[in-house]
Each structure stands twice: as structure tokens, then as C-alpha cells.
Amino acid sequence: MIYEDLKSKFDQNGYVVIKNFLNEKETMELKDAGEKLTENVPAGVKTVFATSQTKQVADDYFLDSADKISFFYEKAALDNDGHLQVDASLALNKVGHALHRLHPTFEACTYSDKVTNVCRALGLVKPVVPQSMYIYKNPGVGGEVISHQDSTFLFTEPDSLVGFWIALDDATLENGCLWVIPGSHKTDIHKRFIRNPDKSSAISQTIFQGTHPEYEQSLYVPLAVEKSSLVLIHGKVVHKSEQNKSQYSRHAYTFHVFDEGISQYSEQNWLQTKVGFKPLYIV
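Residue positions are counted from 1 within each chain, in the order its sequence is given. Selection of residues for local features in this predicted model requires a pLDDT of at least 70, selection of side-chain atom pairs for listing and counting requires 80 or more, and totals for whole chains, interfaces and linings are taken over all residues. In computing side-chain values, all of the structure's heavy atoms are included and hydrogens and water are not.

An unreviewed UniProt entry lists the protein under the name Phytanoyl-CoA dioxygenase domain-containing protein 1, from Macrosiphum euphorbiae. UniProt positions are given in the numbering used here, feature names are shortened, and annotations may be inferred rather than shown by experiment. Here the protein is described in UniProt, under the heading Cofactor (unreviewed entry), as follows: "Fe cation".

Take a look at the structure:
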């Protein structure tokens, strides 16, 4: 497929929606794989991921997940003693961060011709994939994702981060679709999430630097998209999603690329690999 105006739209708005990016078979294969992951959560794993709180940032399990397939629960899915409050199939927030390397279904999607064609249309020279996630956003327990920029967490210099967000269910206003602020990628990176340089700190192994401003709700545009759609998200574009208050899931497969041909991945970033980042191609 030829994406004639993709780069100009992406540069202007900081995001692009591509409908029918995957066919029905490909979409179902990803969702089936994500659902099967819920059946294989290792015993003893009780790490919660929620953007509105920072409990997970001091967790070795979270910090060591760059080269593994790791499992993270919704805050509402566990009680204070770590016991499940909902069915196990609905309890996970996400699975990450090396699905693109360690799981054949997600690897095939990430390194497909469809993805490389988009990267070429964006003009990327050596796109590499630092991380990937299967996000569940299940009914009732699927939590809010507060306003943020992805480059807060995956800082590159100069910034070349691009998020690939693939809807595996219809994403609606009711089940927690993405909301973005068009053009907000033209601002600076407001905040950094890094490994704490103070190795002796007993408070946390990671820290935030900077402050993410409060944006007026009127600036956000909802991205209600049908399953199989791809949303491209610039690393600096401000976006969020609301809690899933519906009876329907809002599963998505998402991964990030940055251009290693022009950018340096920060050694301060929370996510650090021991094996390097595999490129999609090299021009």
C-alpha cells in the first residue's frame, strides 16, 4: 500500500489513523494470542500497572521487563493482599515489553511488510523497536491512562519516537478510546521518567523529572476507531484514554519505533535492554 500523504499529515497533526491496516484474520490472530496470554500468568506475579500511581516504578519485575514477556495487573483487579477480585481473563492491564521479539504472533506483525511500509513512508532510516505491549482495557476494570507523551518514557535525541497502536476491538467513547491533542507534538517533552541516578535511594529506583501541564479538555479529540485500525502517535503528542465503563473490551497491540539512524536512545530511560534493539530495516 502506498501512503502518499502520510508523512505530511503526521508532521502536521502528530497522529494518523489508518483504517483496515490489518485484515480480519491478522486482527483475530493477535487478539487470540493476547487472550491466551491471560492463561499463562506465572504464579506469584502481582505487579500492578496504573499510570495514575507509581507503585510499579520501584518494582524489579517492571524494570527488568525489557527483554521478557511480563504481566501487569489492573489496580482494580487485586485487593490489598494481592488476591484476584475479578476473573483471571479480565484482570490484566497489559503484557510487555518484548512480545515483538519473544512471541511469534506479535513478532510477525511487528516486522511485517505492512509496518515497514509505514516506516518508509515516514522517512525512517533505521527504525528499531524498543518495546511492545498487549493492552487489555477490559470492561469495568480497564483503568484511565492519564495525559502523557510517550517520549516521557522512551526518550531519544533528537526525538524520533513513533507509537504504533493497533485496535483489536472497536475503540469507542464508552470503552476508552484514545484522545489526542492535534499539533501538541510541536511542543517540548514536558516530563522524563528515568532510572534514579541516586543508586542509594531507598525511595524509588525511578524518578520523574519535569511537570506535565494540565491541558483543557476542549483541546482533545477522540479517536474512535474500528478494530484492525492503526493509530500512529508521535512521541511528543499529548494523549490519554478514559476508564472502560462499558461492557466491552478494548484490546490493542502497541509498540514503538525510533530511528536509530539519526537518534540516540537515552541511557537514563527506565527501559534498558541487554540484547539491543532489532531494526525493521536499514536504508
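Resuming the write-up.
A. Seen up close, the overall build of the protein. In DSSP terms, a helix is any run of H or I states spanning at least four residues, a strand is any run of E spanning at least two, and both are numbered starting from the N terminus. Tallying secondary structure elements over the protein gives 6 helices and 15 strands in all. Taking 2.2 N^0.38 as the reference for a compact globule, 283 residues should give roughly 19 Å; the C-alpha atoms of the protein span a radius of gyration of 18 Å, in line with that estimate. By principal-axis analysis of the C-alpha atoms, the protein measures approximately 55 × 45 × 40 Å. Counting every position in the protein, which comprises 283 residues, the buried fraction comes to 52%. Any two residues whose heavy atoms approach within 4.5 Å are treated as being in contact. Excluding contacts between residues fewer than 6 apart, the proportion of contacts in the protein whose partners are at least 24 apart in sequence is 82%. Of the roughly 13,200 Å² of accessible surface on the protein, 50% is carried by carbon and sulfur atoms. C-alpha atoms define the radius of gyration, and 2.2 Å times the number of residues to the power 0.38 defines the globule rule. Under the scheme applied here, a residue whose accessible area is under 20% of the maximum for its type counts as buried, over 50% as exposed, and between as partly exposed, the area being computed with a 1.4 Å probe on protein chains only. In these tables, accessible area is a Shrake-Rupley quantity obtained with a 1.4 Å probe, and a residue counts as shielded only by the protein chains included in the view.

B. Representation of the side chain of Ser266 in the model. Looking at the secondary structure, you find Ser266 in the segment after strand S15 (264-265). The residues touching Ser266, leaving out its near neighbours within four places in the chain, are Phe155, Arg192 and Gln272.

C. Layout of helix H6 (residues 113-121). Of the positions making up H6, those classed as buried are Val115, Thr116, Val118 and Cys119. Looking straight down H6, one finds its buried side chains confined to an arc of 155°; they lie on one side. Gly123 sits one or two positions beyond H6 and adopts a positive phi of about 85°. Each C-beta atom gives one direction from the helix axis, and the arc is the one those directions make.

D. Just the side chain of Lys137, in detail. With respect to the secondary-structure elements, Lys137 resides in the loop between strand S4 (127-135) and strand S5 (145-148). Counting rule applied: Lys, Arg positive; Asp, Glu negative; His and chain ends not counted. Between Lys or Arg on one side and Asp or Glu on the other, a salt bridge is scored when a side-chain nitrogen of the former is within 4 Å of a carboxyl oxygen of the latter. Here Lys137 is buried and forms no salt bridge, its nearest opposite-charge partner Glu74 lying at an N-O distance of 6.7 Å. A polar contact of 2.7 Å, which involves the side chain of Lys137, links it to the backbone oxygen of Gly143. Think of a polar contact as two N or O atoms within 3.5 Å of one another; within protein, one of them needs to be a possible hydrogen donor and the other a possible acceptor, and neighboring residues in sequence only count if both atoms come from side chains.

E. Representation of the pattern of salt bridges in the model. Scanning the entire structure with this criterion turns up 8 salt bridges. Between Asp67 and Arg101 there is a salt bridge, with the nearest N and O atoms lying 2.7 Å from each other. A residue pair is termed long-range when its members are at least 10 positions apart, and Asp67 in the loop between helix H3 (60-63) and strand S2 (69-73) and Arg101 in helix H4 (residues 99-102) qualify at 34 residues. Taking the shortest distance from any N to any O, the salt bridge between Glu107 and Lys278 comes out at 3.6 Å.

F. Inspection of the packing of aromatic side chains at higher detail. Any two rings among Phe, Tyr and Trp, with Trp reduced to its six-membered ring, count as a pair given centres within 6.5 Å; such a pair is stacked if its planes are under 30 degrees apart, edge-to-face if over 60, and tilted if neither. For the structure shown, the criterion picks out 15 aromatic pairs. With centroids separated by 4.8 Å and ring planes inclined at 35°, the aromatic side chains of Phe193 and Phe208 adopt a geometry described as tilted. With a gap of 15 residues between them, Phe193 in strand S9 (residues 191-195) and Phe208 in strand S10 (residues 206-210) connect regions that are remote in the sequence. On the accessibility criterion, Phe193 (3% relative accessible area) is buried. Look at NZ for Lys and CZ for Arg. If either is within 6 Å of the ring centre and within 35 degrees of the ring normal, a charge sits over the ring. In this arrangement the basic side chain of Arg120 is found over the ring face of Tyr281, its NZ or CZ atom lying 3.9 Å from the centre. A cation sits over an aromatic face here: Arg192 above Phe155, 3.9 Å from the ring centre.

G. Structural context of the sheet that holds S4. In this scheme, strands are said to pair when DSSP sees at least two bridges between them. A sheet is described by the order of its strands in space; here 7 strands give the open sequence S1-S12-S7-S14-S4-S3-S2, paired in antiparallel fashion. Taken across any chain shown, the strands that pair with only one partner, and hence form the sheet edges, are strand S1 (15-18) and S2. In this sheet, neighbouring strand axes are inclined to one another by 20° on average, regardless of whether the strands run parallel or antiparallel. Where S4 and strand S14 (residues 252-259) come together, 7 bridges link them in antiparallel fashion. In the sheet register, Val128 faces S14, and the bridge partner there is Phe258. Where helices are involved, their axes are fitted lines through C-alpha atoms of the stretch in contact, as for all axes, and angles between N-to-C directions lie from 0 to 180°. Running over the sheet, helix H1 (residues 6-13) touches S1, strand S7 (162-167) and strand S12 (230-234) and is turned about 135° from S1.

H. Region of interest: the state of the cysteines. When the sulfur atoms of two cysteines come within 2.5 Å, that pair is taken as a disulfide. Using the criterion set out here, one finds 0 disulfides in the structure. Cysteine Cys119 shares no disulfide, and the gap to the nearest cysteine sulfur, in Cys109, comes to 12 Å.

I. Examining unusual backbone geometry more closely. The omega torsion across Gly96 and His97 is 15°, close enough to zero to call that bond cis. In this structure, His97 sits in strand S3 (residues 92-97). Note the cis peptide between Glu157 and Pro158, where omega equals -5°. With respect to the helices and strands, Pro158 occurs in the loop between strand S6 (156-157) and S7.

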